Amino acid sequence: MSISVLIPTLLRPLTKGEKTVQAQGNCVGEVIDHLDEQFPGIKEKLVSGDALHRFVNVYVNDNDVRFAEGLKTPIQSGDSLTVLPAVAGG
């Protein structure tokens, strides 16, 4: 099952500059694991322990996974996963 993953500019050095990559998995955590197999080091930028880093937002289609099942949020073929770093400042 192929999932389109939109990569933010800050993480594109890990994906060789690619804005969109393909990954596989049945839930968000599995997709991130598959991404890390292809692009070593990307998981540590997204996940701490068994949860997303505090300043990383992940969406399946347009739904924030924090309001679903987090890393266990189911994902289906054809879905899109968007990674967005949170923006802070004054």
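Up top is the structure.
Since this is a predicted model, take the numbers as computed values, not measurements.

Caption draft 1: Just the overall build of the chain, in detail. Helix and strand content of the chain: two helices and seven strands. Mapped from its N terminus to its C terminus, the chain presents α and β elements in the order β-β-α-α-β-β-β-β-β. In summary, the chain has a C-alpha radius of gyration of 12 Å against a globular reference of 12 Å for 90 residues, a match within 12%. Across its three principal directions, the C-alpha atoms of the chain cover 40 × 30 × 25 Å. Of all 90 residues assigned to the chain, the portion counted as buried reaches 37%. A separation of at least 24 residues holds for 50% of the contacts in the chain among residues at least 6 apart in sequence. By element, 50% of the accessible surface of the chain is carried by carbon and sulfur atoms, the whole surface being about 5,400 Å². Positive and negative side-chain charges in the chain, numbering 8 and 11 respectively, have mean positions lying 8 Å apart.

Caption draft 2: Structural detail: the nonpolar core. In terms of nonpolar packing, the biggest core is built from 23 residues, with V5, V28, L46, V58, L81 and V83 touching the most fellow members. Breaking this core down by element, the ones donating at least two residues are strand 1 (3–6), strand 2 (20–23), helix 1 (28–38), helix 2 (42–46), strand 5 (56–60) and strand 7 (80–85). Per element, the largest residue contribution to this core is four residues, and it comes from helix 1.

Caption draft 3: Region of the structure containing the pattern of salt bridges. A complete count under the given rule lists one salt bridge for this structure. Residues K43 and D33 are paired through a salt bridge, measuring 2.6 Å at the closest nitrogen-oxygen approach. Residue K43 is found in helix 2, and its partner D33 is found in helix 1; the two are separated by 10 residues along the sequence. Accessibility expressed as a relative area gives 34% for D33, which makes it partly exposed.

Reading guide: rules and limits
- Residues numbered from 1 in each chain as written.
- Predicted model: local features only at pLDDT ≥ 70, side-chain atom pairs only at ≥ 80, totals over all residues.
- Heavy atoms only, no water.
- Helix = DSSP H or I, 4+ residues; strand = E, 2+ residues; numbered from the N terminus.
- Rg over C-alpha atoms; globule rule 2.2 N^0.38 Å.
- Buried < 20%, exposed > 50% of the residue type's maximum accessible area, 1.4 Å probe, protein only.
- Contact = heavy atoms within 4.5 Å.
- Areas by Shrake-Rupley, 256 points an atom, 1.4 Å probe, with all protein chains shown as cover.
- Lys, Arg positive; Asp, Glu negative; His and termini not counted.
- Charge placed at Lys NZ, Arg CZ, Asp CG, Glu CD.
- Core = buried A, V, L, I, M, F, W, Y, C linked by side-chain atoms within 4.5 Å.
- Salt bridge = Lys/Arg side-chain N within 4 Å of Asp/Glu carboxyl O.

As far as function goes, none of this settles anything; it's purely spatial.
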